[in-house]
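Coordinate inspection notes
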Amino acid sequence: MSDKMRKRLLDVIPPTVTIILFFLIWEVGCLVFGVDEFVLPRPSVAVETYFRWQSAIWPNALQTLYTTLVGFGLAIVMGVALGALIGYSELLYKALYPLLIGFNSIPKAALVPVFVIWFGVGTMPAILIAFLIAFFPIAVNVGTGIATVEPEMQDVLRSLGGSRFDMFRKIGFPRAMPYFFASLKVAVTLSFVGSVIAELGASNRGIGNMMVIASSRFEVPLVFAGLLVVAAMGVALYAAFALLERRMVRWAYRGQN
Amino acid sequence: MTMHMNTESPICVELRGVSLNYVSNGRNVHALQDVTLAIRQGEFVAIVGPSGCGKTTILKLVAGLLPPTQGQVLIDGAPVKGPQKNVGMAFQNPILLPWRTALENVLLPLEIVQPHRQEFARNRRKYEEQALHLLHTVGLEGFADKAPYELSGGMQQRVSLCRALIHQPEILLLDEPFAALDAFTREELWGVLQTLWQDRGCTVILVTHDLREAVFLASKVYVMSKRPGRLVQEASVDLPRPRTLENTFEPAFVNLVHHLYTCIGEVRA
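Bear in mind that the values here come from a model prediction, so they are computed numbers and not experimental data.

Thresholds applied
Residues numbered from 1 in each chain as written. Chains lettered and ligands numbered in written order. Predicted model: local features only at pLDDT ≥ 70, side-chain atom pairs only at ≥ 80, totals over all residues. Heavy atoms only, no water. Axes fitted to C-alpha atoms, helices over the stretch in contact; angles between N-to-C directions. Helix = DSSP H or I, 4+ residues; strand = E, 2+ residues; numbered from the N terminus. Parallel < 35°, antiparallel > 145°, perpendicular 65-115°, else oblique. Left-handed = near helix turned anticlockwise from the far one by under 90°. Contact = heavy atoms within 4.5 Å. Nonpolar A, V, L, I, M, F, W, Y, C, P; charged D, E, K, R; others polar. Polar contact = N/O pair within 3.5 Å; in protein donor to acceptor, adjacent residues only side chain to side chain. Buried area = accessible area lost by both parts, 1.4 Å probe. Salt bridge = Lys/Arg side-chain N within 4 Å of Asp/Glu carboxyl O. Buried < 20%, exposed > 50% of the residue type's maximum accessible area, 1.4 Å probe, protein only.

Geometrically, a packed helix pair is captured by the angle between its two axes and the distance between the axes. Residue and element names in this part refer to chain A. Across the interface, helix H8 (residues 207-216) lies against helix H9 (residues 220-248) with an axial gap of 8 Å and an inter-helix angle of 160°. In terms of their interaxial angle, H8 and H9 are classed as roughly antiparallel. Crossing of H8 against H9: the hand is left-handed. Contact residues: H8 offers Ile207, Met210, Met211, Ala214 and Ser215, while H9 offers Leu222, Val223, Gly226, Leu227, Val229 and Val230. Along the lines of polarity and charge, the residues of the contact of H8 with H9 split into nine nonpolar, two polar and no charged.

Our focus in this paragraph is the environment of Thr16 of chain A. Relative to the helices and strands, Thr16 of chain A resides in helix H1 (residues 3-33). Within the structure, the side chain of Thr16 of chain A is placed 2.5 Å from the backbone oxygen of Val12 of chain A, a separation counted as a polar contact.

To continue, consider the interface of chain B and chain A. Contact residues are listed per partner, giving 22 residues for chain B and 18 residues for chain A. A combined buried area of about 1900 Å² lies between chain B and chain A, and 71% of that area is made up of carbon and sulfur atoms. It is Trp99, Ile112 and Tyr149 of chain B that lose the most area in chain B upon contact with chain A, and together they represent 33% of the buried surface on that side. A salt bridge links Lys170 of chain A to Glu111 of chain B, with the shortest nitrogen-to-oxygen separation between them at 2.6 Å. Linking chain B with chain A are three residue pairs in polar contact (both at pLDDT 80 or more). The element that contributes the greatest number of residues to the side of chain B that touches chain A is helix H2 (residues 102-112) of chain B, accounting for four residues. Residues belonging to the side of chain B that touches chain A are distributed by class as follows: 15 nonpolar, two polar and five charged.

Residue and element names in this part refer to chain B. For helix H1 (residues 55-63), the tally of buried residues reaches seven of nine residues, placing the bulk of the element in the interior. Every buried residue of H1 is accounted for by Lys55, Thr57, Ile58, Leu59, Leu61, Val62 and Ala63. Note on H1: the residue one or two positions beyond its end, Gly64, has a positive phi of about 80°.

Given below as structure tokens:
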């Protein structure tokens with residue numbers, strides 16, 4: 001076996017074992033202690049329910065994915081723009097930061113009723129919550145990446161007579177890219193959570209809404225099937241952006257491949 | 001003797017009674033005191049002195065990164081009022097941009113300095129050829145597309161030298177460029193630098209604490225006192241060029257190094 005393959009296996013085996021063990025303990029625990037399906041269904045039951053309800057689950061899951069990605073897309077555009085501004089200008093940083101902190105401190109779930117009043121029940125509140133929750137980490141990360149350029153690196157450009165904008169374009173912005181991509185994989189999971197939260201409270205579609213309906217009918221296995229789908233989608237989104245990060249800013253991961 | 005040693009050349013860099021104070025962590029630091037020196041065009045000058053004596057400060061003054069508290073810094077007779085476009089600088093660390101390849105790092109000054117900046121997109125091919133040629137001269141043929149982290153410390157420093165020279169500056173400022181390298185690599189790069197300088201004929205100010213390096217490369221060596229930095233000695237190096245590492249074991253070379261060593265010992269005491 002080559003070293004590369006061995007390393008690959010070492011990357012894959014431990015998390016797989018952990019996940020299998022987790023479900024095994026859950027399954028066996030429920031059986032041994034005779035836990036009622038109404039309280040906590042076994043994972044095998046949840047999976048079985050998933051396959052039975054697949055055709056109902058998927059349109060809702062796709063709706064959630066849609067609101068997540070639209071909100072997340074907005075968060076990227078606004079987050080990068082604002083991050084660039086506060087990274088570029090210390091004055092803007094000082095002026096805007098307290099307000100940003102203030103907005104970020106509001107639990108996003110508390111905004112759902114407000115958005116329902118403004119936009120009605122449906123897609124819009126989910127998109128907005130997904131946007132608001134992901135916007136802050138992106139802006140802060142991009143801003144930090146730009147603002148923390150090493151003085152030595154600044155000297156390289158300054159000694160050539162480069163302007164502040166040159167500094168931003170040639171050094172600050174490219175240097176902020178690893179920060180940006182690192183924030184994306186965190187932010188996309190946040191967006192997803194935000195979207196589901198909005199659907200739980202105020203929607204007629206989406207996986208969150210499906211879970212609310214299922215629980216109101218006491219179909220607990222379906223609720224858990226929904227939770228499994230939510231978890232799987234969250235992991236998939238994280239993985240997708242982690243992969244993108246590795247692709248885009250390989251230089252920041254030197255020697256860790 | 002080469003044309004670079006011609007004492008008839010006009011004065012390129014001049015410091016007149018330059019002093020510098022700055023405040024650091026609430027303390028007033030007196031970095032330089034009454035430094036006066038004149039460097040002729042094409043001359044290779046080295047400045048040596050104990051650490052923290054303000055050697056680097058002189059380079060920053062010439063580069064226009066710092067204004068003097070007192071006195072005047074002149075380039076080609078005109079006072080320095082800010083960063084200069086005809087100056088190239090290399091530092092103790094290579095400070096390459098890690099997201100750019102070696103070639104792209106060398107090209108950076110051309111994207112900043114006029115008139116190249118305007119023509120960069122149009123003449124990219126031509127500039128790339130110049131950069132490749134320069135990389136070739138420093139022995140980095142075939143490494144143009146490597147990322148900095150794929151290069152050794154010595155190779156990175158070579159790239160850094162190329163970056164300092166690509167826009168054909170009149171003045172090259174070197175701030176202990178080889179201090180972080182192992183002895184073999186360092187001495188190899190002395191030769192590389194000597195060749196580059198002889199090819200280009202630019203004025204070089206080299207700041208170093210390595211006396212052998214100073215004597216190997218420079219036509220004139222200035223010794224600075226400890227802080228506040230003053231120029232206390234000036235020694236001409238009249239050894240023939242090109243100098244080789246073999247020369248460094250000859251009595252003339254050794255004696256000069258010993259003489260400087262004694263000077264430094266006195267100023268440190």
